[in-house]
Amino acid sequence: MILEELSMKEFEKKATKIKTVIIPVGSLEAHGPHLPLGTDTIEVYEIAKRVAQLVDVFVAPPLSYGLCRSTSKHPGTVVITGDTLRNLIKDIVKSLHSNNLKRFLIISGHASSLHLAALQEAGESLLEELPSDVNIAVVSAYALAQEAASEICETEDDSHAGEIETSLILHLKPHLVKGRGKEEYPHFPHPLLTRNKRKYWKNAVWGNPHKASTKKGELISQLLINKISELVREIEKFKE
Ligand SMILES: [Zn+2]
């Protein structure tokens, strides 16, 4: 059930039975010279829509902005703060809850640790504020994809806009892949924080996009769909 496509009446009727909603969270972020800025949003929303064909679940419209740190100075990246992200997620969950939904699967396509921490913090504070029959999960779709891809992909240290993400977009929206960025691995001078992040990460690729293929994208996407469908069943059964 794609929320933005339902009428008021359709939603009201479906919500008497379906209590689980997937909230996809993406980013608008440089993904190398070859992938769209909305890569994280596209990945997570497309996969969520396919999950909804297998299990009874609502899919909320995606949040298309995230907290991006390492790519914050690359062209096209738009950053929201942790405060904004926490508040947005809390408002959206509370409003969905007032619409009688009780289980919230917040799935992020964007994998920055700060961004995921903000989502987890929002989730923890929602657990305190909402009644005890509410279940919340915060999931990194990228971590699931890496797990799923361990048998499929060849690049050892693959991450942002590399083999996995390029394969996924080749499968999900092939017309949005514009060639291939060069293989790249950034070296930031940890623990120092840097202003000029592009100096350490020129093209916003982490991994090897040349190893990507449509077939790999299809396999990873299927594994992600299966894993997220399982999570929907899990969150529905979960009782503390
Ligand atoms: Zn990404």
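Worth saying up front: this structure is predicted, and the values here are computed from it rather than measured.

Trainee: Lay out the coordination of the zinc ion with the relevant residues and their values.
Mentor: Taken together, His31 (NE2), Asp40 (OD), Glu165 (OE) and Glu165 (OE) make up the protein donors of the zinc ion, found 1.9 to 2.7 Å from the metal. Taken together, the 4 donor atoms coordinating the zinc ion and their angles of 52 to 139° define a geometry best described as irregular. Read in sequence order, the donor residues coordinating the zinc ion give the pattern H-x8-D-x124-E. On the accessibility criterion, His31 (0% relative accessible area) is buried. A relative accessible area of 1% means that Asp40 is categorised as buried.

Trainee: Describe the nonpolar core, naming the residues involved and giving the relevant values.
Mentor: With 31 residues, the main nonpolar core has Ile22, Val51, Leu105, Ile107, Ile164 and Ile220 as its most contacted residues. Within the residue set of this core, elements represented by two or more residues are helix 2 (39-51), strand 3 (103-108), strand 4 (135-140), helix 5 (141-149), helix 6 (163-172) and helix 7 (214-237). Among the elements that take part in this core, helix 7 stands out by supplying 7 residues, more than any other. When near neighbours in sequence (up to four residues on either side) are disregarded, Ile107 contacts Ile22, Ile23, Pro24, Val25, Val44, Val139, Ala141 and Ile228. Listed in part, the 27 residues of the second largest apolar core include Phe11, Ile18, Phe104 and Leu116.

Trainee: Can you explain the packing of helix 5 against helix 7? Please cite residues and give values.
Mentor: Look at helix 5 against helix 7: their axes get within 9 Å of each other, and the N-to-C directions meet at 120°. Taken together, the axis directions place helix 5 and helix 7 in an arrangement best described as oblique. For the pair helix 5 and helix 7, the crossing hand works out as right-handed. In this structure, helix 5 uses Ala141, Leu144, Ala145, Ala148 and Ala149 to contact helix 7, whose residues at the interface are Ile220, Leu223, Leu224, Lys227, Ile228 and Leu231. Among the residues making up the contact of helix 5 with helix 7, the classes are represented as 10 nonpolar, no polar and 1 charged.

Trainee: Residue-level account of the sheet that holds strand 4, with values.
Mentor: Backbone hydrogen bonds are what pair the strands of a sheet, in a parallel or an antiparallel way. Read across the open sheet, the 4 strands follow the order 2-1-3-4; overall the sheet is parallel. On the outer flanks of this sheet lie strand 2 (58-59) and strand 4, each paired with one strand and no other. Where strand 1 (residues 20-25) lies against strand 2, 2 bridges are found, and the strand directions are parallel. Residue pairing in the sheet places Val21 in a bridge with Phe58 of strand 2. Running at roughly 160° to strand 1, helix 2 makes contact with strand 1, strand 2 and strand 3 of the sheet. Against the sheet, helix 7 makes contact with strand 1, strand 3 and strand 4, and its axis sits at roughly 150° relative to strand 3, the strand it touches most.

What counts and how
Sequence order as written defines the numbering, with residues in each chain counted from 1. Only residues with pLDDT of at least 70 get local features here, since the model is predicted, and only at 80 or more are side-chain atom pairs given and counted; chain-wide, interface and lining totals rely on the full set of residues. Remark: hydrogens and water are excluded; side-chain values derive from all non-hydrogen atoms of the structure. Here the coordinating atoms are restricted to nitrogen, oxygen and sulfur within 2.8 Å of the metal centre, or 3.2 Å for Na, K and Ca, and because water is not among them the sites may look incomplete. Key to geometry: four donors with every angle between 85 and 135 degrees are tetrahedral; four donors are square planar and six octahedral where opposite donors lie over 155 degrees apart and all remaining angles lie between 65 and 115; all other sites are irregular. Residue exposure (1.4 Å probe, protein chains only): buried if accessible area is under 20% of the type maximum, exposed if over 50%, otherwise partly exposed. Buried residues of nine kinds, namely Ala, Val, Leu, Ile, Met, Phe, Trp, Tyr and Cys, make up a nonpolar core once their side-chain atoms join them within 4.5 Å. In this description a helix means any DSSP run of H or I spanning at least four residues, a strand means any run of E spanning at least two, and both kinds are numbered starting from the N terminus. Whether two residues are in contact is decided by their heavy atoms, any of which lying within 4.5 Å being enough. In this description, a line fitted to the C-alpha atoms serves as the axis of each element, helices being fitted only across the stretch in contact, and the angle between N-to-C directions of two axes falls anywhere from 0 to 180 degrees. Roughly parallel means an angle under 35 degrees; roughly antiparallel means over 145; roughly perpendicular covers 65 to 115; every other angle is labelled oblique. When the near helix sits turned anticlockwise from the far one by under a right angle, the crossing is termed left-handed; a clockwise turn instead gives a right-handed crossing. When residues are grouped by polarity, Ala, Val, Leu, Ile, Met, Phe, Trp, Tyr, Cys and Pro land in nonpolar, Asp, Glu, Lys and Arg in charged, and all others, Gly among them, in polar. We treat two strands as partners when DSSP finds at least two bridges between them.

Interpretation in functional terms is not warranted from these geometric data alone.
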